[in-house]
Amino acid sequence: MQAGLHYNYPEIFAEPYDSDGYYMSVRAPEPGDDETDSWDIKIGRWEPDDPDEEDGSATGSAVLRCVPPAPPDANQIANLLNQLAQQPDLLAQWAETSVGAALVGTELIAESYVD
């Protein structure tokens, strides 16, 4: 699995190798930003810019936004990433979660579909 922590803003991006083009981003609230105090977890999918071109560029689009019931700690985030590393097909399954339901195996609630 490929994962990274962005230092310009508090976000973790995870893209398991066998995830069928799905990825997950976990964004923490920005320090000192009183307007945004919640965590933002999105599941997205890469769509080819030109479907006829193999190995061409792609644009990521978020498909589902999730909200943790409480701010996650480092262990919870690590467990989520480990779960994805072991079962990359979970992202496709999670992307189909009904709004208001928990993502399978997590406490994350699907809040909205994203266009």
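Residues numbered from 1 in each chain as written. Predicted model: local features only at pLDDT ≥ 70, side-chain atom pairs only at ≥ 80, totals over all residues. Heavy atoms only, no water.

Engineer: Explanation requested: the pattern of salt bridges in the structure shown.
Structural biologist: For side chains of opposite charge, pairing can occur when their charged atoms come near one another. What the rule picks out here adds up to 4 salt bridges. Two residues, Asp20 and Arg45, come together in a salt bridge whose shortest N-O distance is 2.9 Å. Here the residue Asp20 occupies a position in the loop between β2 (11-15) and β3 (22-27), and Arg45 occupies one in strand β4 (residues 40-48), the gap between them amounting to 25 residues. Linking Arg65 and Glu111 is a salt bridge whose minimum nitrogen-to-oxygen distance equals 2.1 Å. A residue pair is termed long-range when its members are at least 10 positions apart, and Arg65 in strand β5 (residues 58-67) and Glu111 in strand β6 (residues 109-113) qualify at 46 residues. (Salt bridge = Lys/Arg side-chain N within 4 Å of Asp/Glu carboxyl O. Helix = DSSP H or I, 4+ residues; strand = E, 2+ residues; numbered from the N terminus.)

Engineer: Is there a simple way to explain the confidence of the model for the protein chain in this structure?
Structural biologist: Detailed reading of predicted coordinates is not advised where the pLDDT is low. Across the protein chain, the average pLDDT comes to 82, with 85% of residues at 70 or higher. Considering each helix and strand of the protein chain separately, the mean pLDDT is smallest for strand β1 (residues 2-6), with a value of 55, and largest for helix α2 (residues 90-95), with 92. (pLDDT = per-residue confidence, 0-100.)

Engineer: When you look at helix α1 (residues 74-86) in this model, what are you seeing that I'm missing?
Structural biologist: Its 13 residues give α1 an end-to-end C-alpha distance of 18 Å, which sits within 8% of 18 Å, the value for a rise of 1.5 Å per residue. When α1 is considered as a whole, its buried residues turn out to be Ile77, Leu80, Leu81, Gln83 and Leu84. Down the axis of α1, the sector holding all buried residues measures 155°, keeping them to one side. Facing away from the buried side of α1, by more than 90 degrees, are the exposed residues Ala74, Asn75 and Gln86. (Expected span 1.5 Å × (residues − 1). Buried < 20%, exposed > 50% of the residue type's maximum accessible area, 1.4 Å probe, protein only. Arc of directions from axis to C-beta.)

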